[in-house]
Amino acid sequence: MTALDVAAARSGRRRQWAARPEFAPLAFLILLAAVLAVTTPAFLAVDNLVSIVAQVAVVGTVALACNTVILAGEIDVSTGSLLAACSLVFGAVANSVGGVMLPALAAIAAGAVVGCANGLLVTVGRIPSIIATLGTLLMLRGIMLVKAAVGVISLPDASRALGLDFQLGVPVPVLILFGVYLAAELFMRNTTLGRDVMAIGSNGRAARFIGLPIGRVKLLCFTLTGMSCGLAAGVFFGQIGQLQATAATGFELRVIAAVVLGGTSITGGRGSVVAPVLGAILVGVILNALTLNAVPETFEQFILGLLILVAISLDAIRHRVAARRA
Amino acid sequence: MTAISGTAIGKRAAAASSRTMLLAAFFVVEVAALGIFVPGWLTVDGLLDTSRIFIESGLLALGMTFVIITGGIDLSVASLLALVSVVIGFSHQAGLPLPVAMVLGIGTGVGCGLLNGAIVAYLGLHPLVVTLATMALFRGGAYVISNAAAYSEYPAWFTTIGGFYIGEVLPAQLPVFAVLCVLAWMILEKTPFGRRVYGLGENEQAVRFSGINVAHLKLKVYGLMGLLAALASIIETSRISTSRANMALGLELPVIAAVVLGGTKVTGGSGTIAGTLLGLLILSYLQDGLQFAGISSDWGLFITGALLVLGVLVNENAGRNRG
Amino acid sequence: MGQVLTSGSIDGPRPVTSESTRPDQGLEPTLGAVPVHPSAAAGQDSRVLCHMRGVGKRFSGVWACRGIDLTVLAGEVHAVIGENGAGKSTLMKLLHGVHAPEEGTIEIDGRALTFGSPRDAEAAGVAMIPQELDLFPDLSVCENLYVGRQRPRTRFGVFDWAAMRREARAVFAKLGIEIDVRAPVRSLSSASAQMVEIARALIRDARVVLMDEPTAALSQQEADRLFAIVRDLCARGVGVVYITHRLEEVFENADRVTVMRDGARVHTGPSRDLTTHSLVQMMVGRPLQKFFHRTARSPGAVALKVEGLTRRGAFEDVSFELRKGEIIGLAGLIGAGRSELAQAIFGIAAADSGTIAVDGRPVSIKNAATALGHGIAYLPEERRSQGLHLNFSSPWNIGFGNLGGLTRFGWVSPAQERRTANQYQSMFSIRGDMNKPVGGLSGGNQQKVLLSKLLFQKPDIIMLDEPTRGVDVGARAEIYRIIDELANAGKAILMISSELNEVLSMADRILVMYRGRLNGPYEGPDFSAQEIGFATAGVRVDGTEARP
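If you're wondering where the values come from, they're calculated on a predicted model, not measured in any experiment. (Residues numbered from 1 in each chain as written. Chains lettered and ligands numbered in written order. Predicted model: local features only at pLDDT ≥ 70, side-chain atom pairs only at ≥ 80, totals over all residues. Heavy atoms only, no water.)

Colleague: Describe the environment of Ile 88 of chain B, naming the residues involved and giving the relevant values.
Modeller: Residue and element names in this part refer to chain B. Along the polypeptide, Ile 88 turns up in helix α3 (residues 77-93). A C-alpha to C-alpha distance of 9.4 Å links Ile 88 and Ser 233, two positions 145 residues apart in sequence. Not counting the four nearest positions on each side in its chain, Ile 88 is found in contact with Leu 98, Ala 101, Met 102, Gly 105, Tyr 154 and Ile 234. (Helix = DSSP H or I, 4+ residues; strand = E, 2+ residues; numbered from the N terminus. Contact = heavy atoms within 4.5 Å.)

Have a look at this one:
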């Protein structure tokens, strides 16, 4: 505005970049990778890097969709059970029909139905989303346990392609993750509903004032999350090959952790499309580093928890300091 | 509950007490129906014995009621339970006298609860995110300390805490739990601290303007949660006479479900111990009855989830009509 | 008095410069709101954009405004002034469709409209720039202009961000503002954010722009800039209606002025026909009379002494002494820094520098608990969000500020709680069911409950922030009586009020805050209403600015 303001804005372009939500996790990831590249030669091998991404592809895929729910100011904790349930559908269709396409479509459809139900409970039923999706989480897990009481379900080798195959020399899970990421970018950047997601999460009151379709947008976000679970189910089941009723227990929290670690605010509005991928890869890199350095497996969760806690705390302190300066 | 309407918590209290009555009626119908349709289930022994299982989550639910009334949430309770158990077990293994190990365990529980509270209170982070992180941290700590091994060399006196029956039928922990329930109810309804807990959940800013230190209040609430997690841990460890890192895996969700089914609003400011207790009893006995009838106990989770959604659906929409 | 006022910058005609900056041609097609009538700039005979006829609106049975006739002309700046509670904001909300009028009609371009929502109002070409900006803080400036609107697409079907940024930059260029349209709104100063709101109105082709105290948070340069833009808008045929408390702005910028008092329109006319003197008189009513006859008091020792208190951006170098048994009135405009000052003394948001002494001893106040420990209590301005727990009963709320006072052996004593509540209920004649949630009581009764809560904290120094806001006339008188009694009982009272009448009637001495600095004290009991009225607007009676 004033000359001073403009000058500050120009010179502050760099600072503005630093204020972006994905800056801190990206900086942390690069720093971590740099340290690992020096200390652990095996880390930088292409195979290792690709396998890291392949390992986090399932979490990343679901997190990309869950990210939209969180950006819109809601939350979805049902993804763990939903992933398992979709895998069950995938397995059932694969075992009767075979192939990959039909099972995947069936799983995605199943996911869409449950996601839509979540969305309706939140928008029409006006149940707080954490409760609604917690209920779905428990119900689906219950069904899983009952259904799978017969034992372990395995997948015919031909139907494991989504989890194991390579296309163009790249693991299919990585391609799927990348594809979903592109779709998410397209949706969030280039559709009106996608832009509305950010607006609703940023200032719900103003969104209502302007007359944005809040209910429809949230319903869509929940449905997309369900569909992403269906898609990820093919990858997940393909990778593990055998499905137990307790599969993917606690997965929902890894999804939320990926979203939050990647820089999306849990209270909505603030964040980026790439956040969940960043967060998932960050977790993957940390776990990989522990494995490469022969850190006992028992330390994994502790170190992961500690890093998440330190990361979010530092970010909070950074914001506090910035707010005090302003 | 109606007695307090003299001191008057108002509409919320009236709504809460009518909801409590509804839950109580539901519980009675449930037990009666199970008694009729599941022959042999409805016995005093059976009812009492089941309490051994749900008391541990019941203790967590008591603390969780306080946390959720303040408008917060704690996902780390089950992990903390495992951590405390492992701390007790492996410090005992390392040669610490068991009573000292237990004190150490309780200290761990309170300390970890305070850690949650401090981060929530002083950094202004959302409790969901904070306790999601400490959930992994505490569980991970349990794995590190135990090296993924189990410890079960507990002396006989210790295992009687969770396995002793008074007069052959009454599990020893039941009276303990009953006393703690009454204590929690009195603290919540009758003390200045309880008043502040309600006030914090309804309007944090007004609490600050009333000259109350909000940060200290949050510290106390999460610290109390940690203490109760430690007590639950001791009882469970004693009952199964084993400490291992994967104890109580996923227990936080049914605990939250019981509290919310009991009428505590996740947005804070309302909720009762009686409601939580009823939520707990309804879920536990339904599961127990079905299991007794030979229906897979796995339906329990489904029913928990369905009741949770239905209960809150009824609650929210009934509240809307009234308001 | 009159002679003094006739000269100088205050009541002089609107500067000719603003006339000359109004070309009747040269409308930009992208912004082209309405074809401007050739005589748009002439004032009286220009086209009527908006016509309100006999509009009225009630809140819980009380008319907030009634029988309002108001026209907005193309190309005019129309200022609406009046004391707090005069009904200005309600009027704006009616025009913006937030409320539907219960009486009367609103016409845009001669077509009667019943606004159902702000969206409908916006569709009819009415845009509102609220006092508390309602933007999307996490979205970019450019994005904020496009939320809820059709976005352009490239031939590949994706959003044409380049085109959107171009258009956004063009809008700001026309406003004469350089702003980074990619920056998130969160990172902007409040002045810049306000420009974004204006740009949003422009890009929506708004023809009537409503502004609620647009300059409250702006520096002088920023305000000047804003009015340059407002005049530019008018040149494009937009009608601007704005609420303000700053009288000097009215003369510098407005073509016409509407004065409101007690929910009614008192006067509408060209600003050049008015003087500050006549404006103040119309605002406060004539003749200015004391509506409460307080008892004579003899203040005692100094209870609270504040020296050089400063908080950057809020208030600066504030010093005053408050004596026992005395009421100091703290007058000023909204946003002058009065609440911030009281909250700093109360420990809610500490001052950067300066000292506070209670009973002659310097004290360090870190939070509200320590303030209460020193006997300082504060009645917050925002009753519903800062004061009360609306879902809980009156006794619960009264006790909440001093739970120790209800506690026997660690337990809250229900008997003591009841006794306390009964005592205050009869003392304040609180009406309504005490056992029901306090949110269901009327504003006056809620305020009495809040006062009870404050008194139950047993303070010696009492700071009251707008103690009668949203309180009906009957309850007001009772609240005044109570404040008077408290002072007689030796309490030291600092009363913040935006209602001049109230301050004049109640206070022994008056301090006036203007943009974070104190003027005064003015000694009572016979205050000059004009002198103090001017001081709140930052001018002296002789027409010079009170502060550089």
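Now that the structure has been shown, the text picks up again.
Colleague: So what about the interface of chain A and chain C? Which residues, and what values?
Modeller: Listed per partner, the contact involves 25 residues of chain A and 31 residues of chain C. Taken together, the two surfaces of chain A and chain C that pack against each other cover about 2,500 Å², and 54% of this comes from carbon and sulfur. Summed over the shared surface of chain A and chain C, the number is two salt bridges. In this structure, Arg 195 of chain A and Glu 143 of chain C form a salt bridge, with 2.5 Å as the shortest nitrogen-oxygen distance. Across the chain A-chain C interface, the total number found is eight residue pairs in polar contact (both at pLDDT 80 or more). Mapped by element, the contributors of at least two residues to the side of chain A that touches chain C are α1 (3-11), α2 (13-19), α9 (172-190), α10 (192-202) and α11 (204-210) of chain A. Within the side of chain A that touches chain C, the residues separate by chemical class into ten nonpolar, eight polar and seven charged. (Buried area = accessible area lost by both parts, 1.4 Å probe. Salt bridge = Lys/Arg side-chain N within 4 Å of Asp/Glu carboxyl O. Polar contact = N/O pair within 3.5 Å; in protein donor to acceptor, adjacent residues only side chain to side chain. Nonpolar A, V, L, I, M, F, W, Y, C, P; charged D, E, K, R; others polar.)

Colleague: For the pairing of strand β13 (residues 327-332) of chain C, give the residues involved together with the corresponding values.
Modeller: All names here are of chain C. The buried count for β13 comes to six of six residues, which makes it a mostly enclosed element. In this structure, β13 lies alongside strand β20 (residues 492-496), joined through four bridges in parallel fashion. The partner of Ile 327 across the bridge, within β20, is Ile 493. As judged from the five bridges shared by β13 and strand β21 (residues 509-514), these two strands associate in the parallel manner. Considered in β21, the bridge of Gly 332 is made with Met 513. (Buried < 20%, exposed > 50% of the residue type's maximum accessible area, 1.4 Å probe, protein only. Pairing = 2+ DSSP bridges.)

Colleague: Please provide a residue-by-residue account of the packing of aromatic side chains, values included.
Modeller: Residue and element names in this part refer to chain B. In this structure the tally under the stated criterion is 17 aromatic pairs over all chains. Taking the centre distance of 6.2 Å and the plane angle of 75 degrees together, the rings of Trp 41 and Tyr 285 count as edge-to-face. Taken as a pair, Trp 41 in the loop between α1 (11-37) and α2 (44-69) and Tyr 285 in helix α12 (residues 273-292) lie far apart in primary sequence, 244 residues in all. Each member of the pair, Trp 41 as well as Tyr 285, is classed as buried. With a centroid separation of 6.2 Å and 20 degrees between ring planes, the pair formed by Phe 66 and Phe 193 is classed as stacked. Of this pair, Phe 66 sits in helix α2 while Phe 193 is found in helix α8 (residues 192-202), placing the two residues 127 residues apart along the sequence. Each member of the pair Phe 66 and Phe 193 is classed as buried. (Phe/Tyr/Trp six-rings, centres within 6.5 Å; stacked < 30°, edge-to-face > 60°.)

The values reported here are purely geometric and, on their own, carry no functional implication.
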